[in-house]
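Chain residues, written in single-letter form:
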Amino acid sequence: MMRTFVPHAAADEAPAGWGVRRAARLDFPGPAALAADPVHTERLRVYLTDLLHPYGLALDEAALARGGQSYAEMGEALIALALPPGESVDLLVLAYAVPDIAPGRATTTRLSHVCPGAPMAFAVTDQAATAPFTALRLIRAYASAPAMSRALLLIAEQPSVPYDAHLPRTLPHTASAVAFVLGPDSPFPLTLPTAPPAPGRVGAVSPPAGGGAGGAMALSAPGEAGADTVRPALGGADAVGALIAAAPGPVTAILGPGLTPAAAPGAHRARTADPGRPTTGVWWELAAEVAAMRDAPAAAPPHLLVADRDAASGALSLAALTPALEAAVSGSQP
Amino acid sequence: MTAVVGVGVWVPEGRVGIEEVGGELGLSGMQVKIFRRYHRLGEIARDPHGGLAELLRGALDGLDALRGQEHRVRYVLHARTFPTVVPYPHDPVREVCDAYGLGHAAVFAVGHHACASGLLALDAAGRLLAAEGDHDGLALVLTGEKTFTAEARLVPGTSFFGEGAAACLVAATGERDRLLAYASDLRGDIDSGDEEAALAFQRVYADTLAATITAAVARAGLAMDDVGVVLPHNVNRVAWHQVCRTLGYPRERVVLDNVAATGHLFCADSFVNYRTAQARGLLRQGEPYVMAAAGAGSGAAFSAMAFVH
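Rules used in this analysis
- Residues numbered from 1 in each chain as written.
- Chains lettered and ligands numbered in written order.
- Predicted model: local features only at pLDDT ≥ 70, side-chain atom pairs only at ≥ 80, totals over all residues.
- Heavy atoms only, no water.
- Helix = DSSP H or I, 4+ residues; strand = E, 2+ residues; numbered from the N terminus.
- Buried < 20%, exposed > 50% of the residue type's maximum accessible area, 1.4 Å probe, protein only.
- Contact = heavy atoms within 4.5 Å.
- Areas by Shrake-Rupley, 256 points an atom, 1.4 Å probe, with all protein chains shown as cover.
- Domains from an automatic or database assignment.
- Buried area = accessible area lost by both parts, 1.4 Å probe.
- Salt bridge = Lys/Arg side-chain N within 4 Å of Asp/Glu carboxyl O.
- Polar contact = N/O pair within 3.5 Å; in protein donor to acceptor, adjacent residues only side chain to side chain.
- Axes fitted to C-alpha atoms, helices over the stretch in contact; angles between N-to-C directions.
- Parallel < 35°, antiparallel > 145°, perpendicular 65-115°, else oblique.
- Left-handed = near helix turned anticlockwise from the far one by under 90°.
- Nonpolar A, V, L, I, M, F, W, Y, C, P; charged D, E, K, R; others polar.
- Core = buried A, V, L, I, M, F, W, Y, C linked by side-chain atoms within 4.5 Å.
- Pairing = 2+ DSSP bridges.
- pLDDT = per-residue confidence, 0-100.
- Expected span 1.5 Å × (residues − 1).
- Phe/Tyr/Trp six-rings, centres within 6.5 Å; stacked < 30°, edge-to-face > 60°.
- Lys NZ or Arg CZ within 6 Å of the ring centre and 35° of its normal.
- Disulfide = S-S within 2.5 Å.

The number of helices and strands found in chain A is seven helices and 12 strands. The 334 residues of chain A split such that 59% are buried. A separation threshold of at least 6 residues defines the contact pool for chain A, and within that pool the share at least 24 residues apart is 75%. Accessible area for chain A stands at about 12000 Å²; split by element, carbon and sulfur atoms hold 58% of it.

Pasting the structure below:
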């Protein structure tokens, strides 16, 4: 489907009440159907062998034989779960950190073909746990364009990486994916808070190796991401605390695996993501919060603050949601 | 309105004849002859010693507009033809950014539009800056990949990939090269790397790319007659001649200079051809031009952008 765009104009804004409309999540404990295809496996073997060769690394044949997951298959299952009949989206963005078993495939192009609405689609990656937050920023940016306000965010991870790259890495315990349907007039508007740049960082062009001033905050906002700028022990607690204090009601903080409740001072409640879900963890928990609100509506539901930190860079990312959702579903892929 | 602030490119000096590349890939002598005589392909650019980081460094070294402006760069987007180009979790793009004073920026990859991902990244970069209301901020779009495996060396029946890179500095507003419109047609029905998918891509290529260019130009409020020059992706001359016939556009105004000299430089072609057009004086003040790209393999995408210089 042909889609055309003109650049963002000064007056363009995401539609009123733009935010989360629905959430879905799934575990995929078994390998993908694609993994059983010997032609694909041989193609993958060649691709990975050649990928590893310049780095002096070798393929783990036993790990390759165990298979792994395909984000295309996972995405298709989530699309079916998140979008009821008759509903479609204009944009689909896939965020992931760990590559899947189809490293050369334009997976989102395939997903665009099977997703209602034949959406514009692309992927955001190579940013660890920050990638889903960047995807949300992009989706919000596109939401101000005509006929682009309805979007589907897919966040996926899978544990099969059949080689040792001799670098620290945290792989998930299982394959899982979370979907968020976003759109206008949402009962759950979404914001992506930013914070002032870390002291002394603005204008710096040669960041010191190994980090900067202790206690400074590092958010994933543009110009403020602290990849090699700040690696505080309690990154961003002041910023998170300020956001919680500014909320008009109680706040439930959903914290990434590397954060403790101390990272969210003043939160009414803190929910920490499973370390076995390094990329999807906070979003998995957010989807559960959404489901809980659906099942047991409260008179004054809490605001939700999602915070996750990229373990490698120390960058802290935030997303804030106001309460009341249309629906949520969850399940497990057989 | 999204604007290009500057473009730096780097194509390594190393060249390999398509006969040698064809031999690596197990192509027959007749297949290689067709590439040379019919598709007018000749040599492929390769850097036998450097990796992805060295390619990107070359492009950044050529990006004069970045000097002294590093602190304004909020985002660095590596636009990929192939989603995975290094072993996970190696991150040469981040390492290059650190070395060039861009360690403060949000660095990530965008893609899944095959060789049209560079245009996607350009649109996304400008949109991110504008949506944040950051009129002082800049974004950097990096393109370029290594021909590390057979899939990344050959576009079946169409072209050979070469090694080169581009760095494109983008602002939310500006006067130099303003983006007017972007069109994209995703063809997820062409979703495998097999011969059947390659044939399907070739069948729809000329008509779909021409329609995409027409859509971008029309969305910009222009007609093809207004377009001074087209900056293509370097697949082959014959394919572009077909597109020109479909468009009714003079093939002489498509910058095909690099097709026989470098091969298809993944997502970097349009930017490399921008610099070629600039050097030849083909970009005239106030005149619209078009960047166009398409890619296939496992997922096909056709994209075009209309600019005014």
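There's more to say after this.
Turning to the domain arrangement of chain A, a few remarks are in order. Residue and element names in this part refer to chain A. Under the domain assignment used here, chain A contains domain 1 (19-183) and domain 2 (190-200 + 211-332). If you look at the interface, domain 1 gives 33 residues, while domain 2 gives 37 residues. Carbon and sulfur atoms make up 63% of the surface buried where domain 1 meets domain 2, a total of about 3100 Å² over both sides. A per-residue breakdown of the area domain 1 buries against domain 2 is headed by Arg25, Phe133 and Arg137, which together make up 25% of the total. Asp27 is paired through a salt bridge with Arg277; the nearest N and O atoms lie 2.8 Å apart. Where domain 1 packs against domain 2, one counts seven residue pairs in polar contact (both at pLDDT 80 or more). Contributions of two or more residues to the side of domain 1 that touches domain 2 are made by strand 2 (19-28), helix 5 (131-143), strand 5 (151-157) and strand 6 (175-183). Looking at which element gives the most residues to the side of domain 1 that touches domain 2, the answer is strand 2, with nine residues.

Residues and elements named next belong to chain B. Packing of helix 6 (residues 195-219) against helix 7 (residues 237-247) leaves a shortest axis separation of 9 Å and a crossing angle of 55 degrees. As summarised for this structure, helix 6 and helix 7 are arranged oblique, according to the angle between their axes. Seen from above, helix 6 lies across helix 7 with right-handed handedness. Side by side, helix 6 and helix 7 meet where Tyr205, Ala206, Asp207, Leu209, Ala210, Ile213 and Thr214 of the first sit next to Ala239, Trp240, Gln242, Val243, Thr246 and Leu247 of the second. Looking at side-chain class alone, the contact of helix 6 with helix 7 contains nine nonpolar, three polar and one charged residues.

Attention now moves to the nonpolar core. One recurring pattern in soluble globular proteins: nonpolar side chains tend to sit buried together. Among the nonpolar cores identified, the biggest contains 162 residues, and Phe180(A), Trp283(A) and Leu140(B) are the most heavily contacted of them. A total of nine residues in this core trace back to one element, the largest contributor, which is helix 5 (residues 117-131) of chain B. The residues contacting Phe180(A), other than those within four sequence positions of it, are Val20(A), Arg22(A), Ala23(A), Ala151(A), Leu152(A), Leu153(A), Ile155(A), Trp283(A), Leu286(A) and Ala287(A). Within the second largest apolar cluster, 43 residues are counted, among which are Ala183(B), Met224(B), Val235(B) and Trp240(B).

The next point concerns the interface of chain A and chain B. Contacts between the two partners involve 67 residues from chain A, matched on the other side by 64 residues from chain B. Interface area, chain A with chain B, both sides summed: about 5800 Å², of which 59% is carbon and sulfur. It is Met2(A), Pro7(A) and His8(A) that lose the most area in chain A upon contact with chain B, and together they represent 11% of the buried surface on that side. Inspection of the region where chain A meets chain B yields six salt bridges. Among the secondary structure elements, those contributing two or more residues to the side of chain A that touches chain B are strand 1 (2-5), helix 1 (38-52), strand 3 (91-96), helix 4 (107-114), strand 4 (120-125) and helix 5 of chain A. Of the residues assigned to the side of chain A that touches chain B, the class counts are 41 nonpolar, 15 polar and 11 charged. In this structure, strand 4 of chain A lies alongside strand 5 (residues 106-111) of chain B, joined through three bridges in antiparallel fashion. Paired with Val124(A) across the strands is Val110(B), a residue of strand 5 of chain B.

Right, let's get into the environment of Gly126(B). All names here are of chain B. Its location among the elements puts Gly126 in helix 5. For the pair formed by Gly126 and Val4, sequence separation is 122 residues and the distance between their alpha carbons is 9.1 Å. Every residue in contact with Gly126, bar those within four places of it in the chain, is listed here: Thr2, Val170 and Ala172.

We now examine unusual backbone geometry. Residues and elements named next belong to chain B. Cis rather than trans, the peptide bond between Tyr88 and Pro89 has omega equal to 5 degrees. Within the element layout of this structure, Pro89 appears in the loop between strand 4 (73-80) and helix 4 (92-99). Notably, Arg40 is not glycine yet its phi reads approximately 65 degrees, a positive angle. Assignment of secondary structure puts Arg40 in the loop between helix 2 (29-38) and strand 3 (43-45). Judged by its relative accessible area of 46%, Arg40 is partly exposed.

Residue and element names in this part refer to chain A. For chain A, per-residue confidence averages 84 on the pLDDT scale, and 84% of positions sit at 70 or higher. Note on residues 195-235: pLDDT is under 50 here. Beyond four places in sequence and across chains, it has 91 contacts. Here residues 325-330 is a poorly scored stretch, pLDDT under 50, and it has 24 contacts once near neighbours within four places are set aside; other chains count.

Here we take up the side chain of Ser160(A). With respect to the secondary-structure elements, Ser160(A) resides in the loop between strand 5 and strand 6. A distance of 2.8 Å separates a polar side-chain atom of Ser160(A) from the backbone oxygen of Gly67(A).

The next thing to look at is helix 5 of chain B. Residue and element names in this part refer to chain B. With 15 residues, helix 5 ought to run about 21 Å at 1.5 Å a step, and its terminal C-alpha atoms sit 21 Å apart, in line with that. Most of helix 5 sits out of view: 14 of its 15 residues are buried. Two residues or fewer past helix 5, Gly133 is found with a positive phi of approximately 65 degrees.

Our next topic: the environment of Pro250(B). All names here are of chain B. One can find Pro250 in the loop between helix 7 and helix 8 (259-262). Looking at Pro250, the relative accessible area reads 32%, which means it is partly exposed. Sequence separation between Pro250 and Val141 is 109 residues; the distance between their C-alpha atoms is 30 Å.

So, on to the packing of aromatic side chains. Under the definition given, this model contains 18 aromatic pairs over all chains. Centre to centre, the rings of Phe180(A) and Trp283(A) are 5.9 Å apart; their planes meet at 75 degrees, and the pair counts as edge-to-face. Placement of Phe180(A) in strand 6 and of Trp283(A) in helix 7 (residues 281-295) is noted, with a sequence separation of 103 residues between them. On the basis of relative accessibility, which here comes to 3%, the residue Phe180(A) falls in the buried class. With a centroid separation of 6.4 Å and 80 degrees between ring planes, the pair formed by Tyr75(B) and Phe108(B) is classed as edge-to-face. Here Phe108(B) lies in strand 5 and Tyr75(B) lies in strand 4, a separation of 33 residues in the sequence. Residue classification places Phe108(B) among the buried positions, given a relative accessible area of 1%. Taken together, the aromatic side chains of Tyr47(A), Phe82(B), Phe148(B), Phe161(B) and Phe266(B) make up a single cluster linked through ring pairs. It is Arg277(A) that lies over the ring of Trp284(A); its NZ or CZ is 3.8 Å from the centre.

This part covers the state of the cysteines. Residues and elements named next belong to chain B. As enumerated under the stated definition, the model contains zero disulfides over all chains in all. With no disulfide of its own, Cys267 lies 5.5 Å from the sulfur of Cys115, the closest cysteine sulfur. Judged by relative accessible area, which is 4%, Cys267 ranks as buried.

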